[in-house]
Amino acid sequence: MSVAAVRNTTSERNRTATASAGKDASGRNDAGLPTSNAETDMGNTSRRDGTDRPFVVGLTGGIGSGKSTVADLFAARGVTIVDTDAIAHELTAPGGSAIDAIRAAFGPSVIRADGALDRDAMRTRAFDDPDARRRLEAILHPMIRDESVRRIGAATGPYVLHVVPLLVESGGSAGRHDRVLVIDCPVDVQIERVGRRSGLDRQRVESILATQASREARLQAADDVIENSGGPEALDAQVEVLHRRYAAAR
């Protein structure tokens, strides 16, 4: 399948449109809990441009777009994956570094018997109460940022794929990423995927989508786009095209 260059009229950068398919793994933070908008200190891996930092691709997309599927395919090629959603899960697991602060801020009702964050309870509270969401973000974002910085600095792959579900919502990627890769699909496809995997009704999924950047805003922020509404047979080939391009740019 060919890769077409698409002109970005806002930032005057070139995007790459590629066709693909896939779905996010269940329980993603972009369904209601915050991930980081962390800036990243870009480590110390030698690059062609003479700087001592790794080449970092910021990967983003709306709920149900297929971010985790795409990230897994890059990981299979030896790329270092730094996933802010995965870091948030670690921080809120039993014994996680964020648990004590969350308990102090919100009380024991949001902590499960095993000591982990009750993600459903916290998601509902954060979704319904903007102040609660801001307090949760104030706890999690600095921790996610620091761990992202550490992992990017320790990267051993040919480049880093930094998965940030709310990258566009956080104000963009200037100075943090060398390329922005957006996983894109029609909104109806997002709604169908999320409903199928999570059991949420259409109205609830639409309310989650309303809190995220629009499809158009994400595309305007993109350097490269994987258009993820087709069949799975195209996905690996398209990831390979971008992988070679990113590895060569390092």
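Because the structure is predicted, anything quoted here is derived from the model rather than measured.

Trainee: How should I be thinking about the packing of helix 2 (residues 84-91) against helix 5 (residues 130-153) in this particular structure?
Mentor: Working note: a packed helix pair is described by the angle between its axes plus the distance between those axes. Between helix 2 and helix 5, the least distance of the axes is 10 Å, while the angle of their chain directions is 120°. Between helix 2 and helix 5, the angle is such that the two are oblique. Note that helix 2 runs across helix 5; the crossing there is right-handed. Facing helix 2, whose interface residues are Thr84, Ile87, Ala88, Glu90 and Leu91, helix 5 presents Leu140, Met143, Ile144, Glu147, Ser148 and Arg151. Looking at the contact of helix 2 with helix 5 residue by residue, the classes come out as six nonpolar, two polar and three charged.

Trainee: Explain the environment of Ile226 to me, please; I cannot follow it from the model alone.
Mentor: Locating Ile226 in the fold gives a position in strand 7 (residues 224-227). C-alpha separation for the pair Ile226 and Leu242, spaced 16 residues apart in sequence, amounts to 9.5 Å.

Trainee: Looking at this structure, how should I read the nonpolar core?
Mentor: Nonpolar side chains in soluble globular proteins generally cluster together in the buried interior. In this structure, Ile102, Phe106, Val110, Leu117, Met122 and Leu140 are the most contacted members of the largest nonpolar core, which totals 22 residues. Breaking this core down by element, the ones donating at least two residues are helix 2, helix 3 (99-106), helix 4 (119-128) and helix 5. If one sorts the elements of this core by residue count, helix 5 sits on top with six residues. With 18 residues, the next largest nonpolar core counts Leu59, Val70, Leu181 and Ile183 among its residues.

Each value, and the rule that gives it
- Residues numbered from 1 in each chain as written.
- Predicted model: local features only at pLDDT ≥ 70, side-chain atom pairs only at ≥ 80, totals over all residues.
- Heavy atoms only, no water.
- Axes fitted to C-alpha atoms, helices over the stretch in contact; angles between N-to-C directions.
- Helix = DSSP H or I, 4+ residues; strand = E, 2+ residues; numbered from the N terminus.
- Parallel < 35°, antiparallel > 145°, perpendicular 65-115°, else oblique.
- Left-handed = near helix turned anticlockwise from the far one by under 90°.
- Contact = heavy atoms within 4.5 Å.
- Nonpolar A, V, L, I, M, F, W, Y, C, P; charged D, E, K, R; others polar.
- Core = buried A, V, L, I, M, F, W, Y, C linked by side-chain atoms within 4.5 Å.
- Buried < 20%, exposed > 50% of the residue type's maximum accessible area, 1.4 Å probe, protein only.

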